[in-house]
Amino acid sequence: MPALRQLLQHGYDTGKLAAIVADFGGYWQVEHLDPGSAWIAVNHDGHHPQIIAAEDLDSLWDTLRRVPGSPSMIGTDHTLVQ
């Protein structure tokens, strides 16, 4: 997996990426642009694609959980809010 190896070489937390994919993978496609640049999430549901960009994985996760239509019952600790 060259893409994963590249992320590890640049110090990205693959655990955070895995949590984002687990929490939002059914709604958003998450990708990283070139190392040192933004993370993006793309949603192709509806008439117009939605695109969100963030500096880091924590910011991306926090933004995704606030978007209408995303799973909104996910708390800041990545668990379902009761």
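About the thresholds
Residues numbered from 1 in each chain as written. Predicted model: local features only at pLDDT ≥ 70, side-chain atom pairs only at ≥ 80, totals over all residues. Heavy atoms only, no water. Axes fitted to C-alpha atoms, helices over the stretch in contact; angles between N-to-C directions. Helix = DSSP H or I, 4+ residues; strand = E, 2+ residues; numbered from the N terminus. Parallel < 35°, antiparallel > 145°, perpendicular 65-115°, else oblique. Left-handed = near helix turned anticlockwise from the far one by under 90°. Contact = heavy atoms within 4.5 Å. Nonpolar A, V, L, I, M, F, W, Y, C, P; charged D, E, K, R; others polar. Buried < 20%, exposed > 50% of the residue type's maximum accessible area, 1.4 Å probe, protein only. Arc of directions from axis to C-beta.

Undergrad: How would you summarise the packing of helix α2 (residues 14-24) against helix α3 (residues 57-64) if you had to cite specific residues and measurements?
TA: Look at α2 against α3: their axes get within 10 Å of each other, and the N-to-C directions meet at 15°. By the angle between their axes, α2 is roughly parallel relative to α3. The handedness of the crossing between α2 and α3 is left-handed. Together, K16, L17, I20, D23 and F24 of α2 and L57, D58, L60, W61 and L64 of α3 make up the contact between the two elements. A per-class count over the contact of α2 with α3 returns seven nonpolar, no polar and three charged.

Undergrad: Tell me about α3, residues and numbers included.
TA: Within α3, burial applies to L57, L60, W61 and L64. Relative to the axis of α3, the buried residues are bounded by an arc of 95° and lie together on one face. Of the surrounding elements, those touching the buried residues of α3 are α2, β1 (29-32), β2 (39-43) and β3 (50-54).

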